[in-house]
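Here is what each chain is made of, one letter per residue.
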Amino acid sequence: MALDKEICLQINNTYFEKFQSKDLTYLRTIYAPEIRFEDWDGEHHGIDTVLDENAEFFEKKFTLTLISTTEFYAEFARNPIGYSNVISIKVGKETLNIVDELVFDDDYKIVSIYATKQ
């Protein structure tokens, strides 16, 4: 079954809102059990490990701004809908410009997050 692109986009955008508000309870509901998160600090597998990484980051005071979102085709995914998101995160005096790529599974759960600094 093909995923509804509007639902995926809504979840994509809500992810960033809930990340900004540090809502680990909500994030647990949209992460797939086998989620893979990779950024410049390493790779993390599984919902509890990724949520632990989120919780550690949430100890910091930060502001996240979603700048743009572009749909892409994720060839490796069972349901190939993905979104490339350009975001800016300000932590203290440092601003990180990041591209976050989110990919969804059959149940509209985020199965992969790949983040790179720009």
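Here, the structure is the one placed above.
Residues numbered from 1 in each chain as written. Predicted model: local features only at pLDDT ≥ 70, side-chain atom pairs only at ≥ 80, totals over all residues. Heavy atoms only, no water.

Student: I keep staring at the pattern of salt bridges and nothing clicks. Help me out?
Tutor: Side-chain pairs of opposite charge can arise whenever the charged atoms involved come near each other. In this structure the tally under the stated criterion is four salt bridges. Linking K18 and D23 is a salt bridge whose minimum nitrogen-to-oxygen distance equals 4.0 Å. The class for D23 is partly exposed, based on a relative accessible area of 23%. For the salt bridge of D48 with R28, the shortest nitrogen-to-oxygen distance reads 2.8 Å. Taken together, the residues D48 in helix α3 (residues 47-58) and R28 in helix α2 (residues 24-30) connect sequence positions 20 residues apart. For D48, a relative accessible area of 45% gives the class partly exposed. Take R28: its relative accessible area is 41%, and that puts it in the partly exposed class. (Salt bridge = Lys/Arg side-chain N within 4 Å of Asp/Glu carboxyl O. Buried < 20%, exposed > 50% of the residue type's maximum accessible area, 1.4 Å probe, protein only. Helix = DSSP H or I, 4+ residues; strand = E, 2+ residues; numbered from the N terminus.)

Student: Which parts of the structure should I look at to understand the pairing of strand β6 (residues 110-117)?
Tutor: If a strand is regular, its side chains alternate between the two faces of the sheet. With four bridges joining them, strand β1 (residues 31-39) and β6 adopt parallel strand pairing. Paired with Y31 across the two strands is I110, which belongs to β6. The sheet contact formed by strand β5 (residues 94-104) and β6 spans seven bridges and is antiparallel. Residue pairing for β6: L102 is matched across the bridge by I113. Joining the antiparallel neighbours β5 and β6 is a turn of five residues, in which Y108 adopts a positive phi near 65 degrees. (Pairing = 2+ DSSP bridges.)

Student: Teacher, can you tell me more about the nonpolar core here?
Tutor: General note: in soluble globular proteins, nonpolar side chains tend to be found buried as a group. Core analysis: the largest hydrophobic core is formed by 30 residues, its most contacted members being Y15, F19, L27, Y31, I110 and I113. Sorting the residues of this core by element identifies α1 (5-20), α2, β1, α3, β3 (62-73), β4 (81-91), β5 and β6 as the ones contributing at least two each. Those residues in contact with Y15 that lie beyond four places of it in its chain are L27, I30, Y31, D100, L102, I110 and I113. (Core = buried A, V, L, I, M, F, W, Y, C linked by side-chain atoms within 4.5 Å. Contact = heavy atoms within 4.5 Å.)

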